[in-house]
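# Residue-level structural notes
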Amino acid sequence: GKMTFGGSTARATDAEKIDVKLTGLTLTAGAVIEVGDIDSFTMTGCKFLEHDLTAKTMPISFKAEKPMLIHIDNNEFGPENQFSYNLIDVYAAMKAGSSISGNTFMDDCCTHNQISLYGVDDHASIEINDNICAMSRNMVRFGFKGTPNCVVEMSNNTYYETDVAPWDGLFLVQPYGKQTESFANTTIMVNKTKKPEGQLCYLYAGANDTPFTDDNKPTVVVDGEIFDAPISK
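Let us look at the structure shown here.

## As for the overall build of the protein
Helix and strand content of the protein: 0 helices and 24 strands. The C-alpha atoms of the protein give a radius of gyration of 17 Å, which matches the 17 Å a tight globule of 233 residues would have. Structurally, the protein occupies a C-alpha span of about 45 × 40 × 30 Å along its principal axes. The buried share of the protein, reckoned over its 233 residues, is 50%. The contacts in the protein between residues at least 6 apart in sequence include a share of 77% that link residues at least 24 apart. Carbon and sulfur atoms form 50% of the exposed surface of the protein, whose accessible area is close to 10600 Å². Of the charged side chains in the protein, 18 are positive and 31 negative, and the gap between their average positions amounts to 3 Å.

Structure follows, in structure tokens:
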């Protein structure tokens, strides 16, 4: 059944750290992952595929918004049915040193973003490197709440296909409704992406999101040069 880690139960002392590590497992059928209030989560060398989803689902979801060290590295995410929406959905404030790297995302692992990030710790630097994505449905959505002050490194990522224009690319930056105030202190460093023709990334604000201005856009650096990411309408 569903694997749930952490919850709303008060801890006896602040010294009670909760660290969850999943290594070398095959997670299938009902074994989706829901993460609550813990200190760190590590998932490495796992296979995650062919779940019995019956409604729109975020198969790996981080519900608590507190700071957390997250490592989701060197896993294989295989095919799912049409109910896999955002594959990895993170509300936790990712701590410095967190990474989602070295993973393989197969074509049918989800119908929307492979990785959706809504939280980041202040002054954190996080890594999203060396991933291979058969079909980038914007492999990453950055939707950090508040006024995120962070650096994201994205190096050596590969995707073979992507959505049609204007939604094509490796990642998009979209405010989380009005809860995102400004990306002005967010820097995304992109290096050595292997990709088909088309745009690398874009900014997007829906009707209910904080609109982009010259003053609240993130800094995007591609292969060492400042890049003016287009705004898709």
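## Here's the deal with the pattern of salt bridges
A side chain of one charge can pair with a side chain of the opposite charge when the charged atoms of the two come close. All told, the structure shown has 6 salt bridges when counted by the stated rule. A salt bridge links Lys 66 to Asp 37; the shortest N-O distance between them is 3.3 Å. With a gap of 29 residues between them, Lys 66 in the loop between strand S7 (60–62) and strand S8 (67–73) and Asp 37 in the loop between strand S4 (33–35) and strand S5 (40–44) connect regions that are remote in the sequence. Note on Asp 37: relative accessible area 18%, which makes it buried. For Asp 163, the salt bridge identified is with Arg 137, shortest N-O distance 4.0 Å. Residue Asp 163 is found in the loop between strand S19 (158–162) and strand S20 (171–173), and its partner Arg 137 is found in the loop between strand S16 (132–136) and strand S17 (140–142); the two are separated by 26 residues along the sequence. Looking at Asp 163, the relative accessible area reads 26%, which means it is partly exposed. Judged by relative accessible area, Arg 137 falls into the buried class, the value being 17%. If you follow the salt bridges from partner to partner, you end up with Asp 107, Arg 137 and Asp 163 in one network.

Scoring rules and cut-offs
Residues numbered from 1 in each chain as written. Predicted model: local features only at pLDDT ≥ 70, side-chain atom pairs only at ≥ 80, totals over all residues. Heavy atoms only, no water. Helix = DSSP H or I, 4+ residues; strand = E, 2+ residues; numbered from the N terminus. Rg over C-alpha atoms; globule rule 2.2 N^0.38 Å. Buried < 20%, exposed > 50% of the residue type's maximum accessible area, 1.4 Å probe, protein only. Contact = heavy atoms within 4.5 Å. Areas by Shrake-Rupley, 256 points an atom, 1.4 Å probe, with all protein chains shown as cover. Lys, Arg positive; Asp, Glu negative; His and termini not counted. Charge placed at Lys NZ, Arg CZ, Asp CG, Glu CD. Salt bridge = Lys/Arg side-chain N within 4 Å of Asp/Glu carboxyl O.

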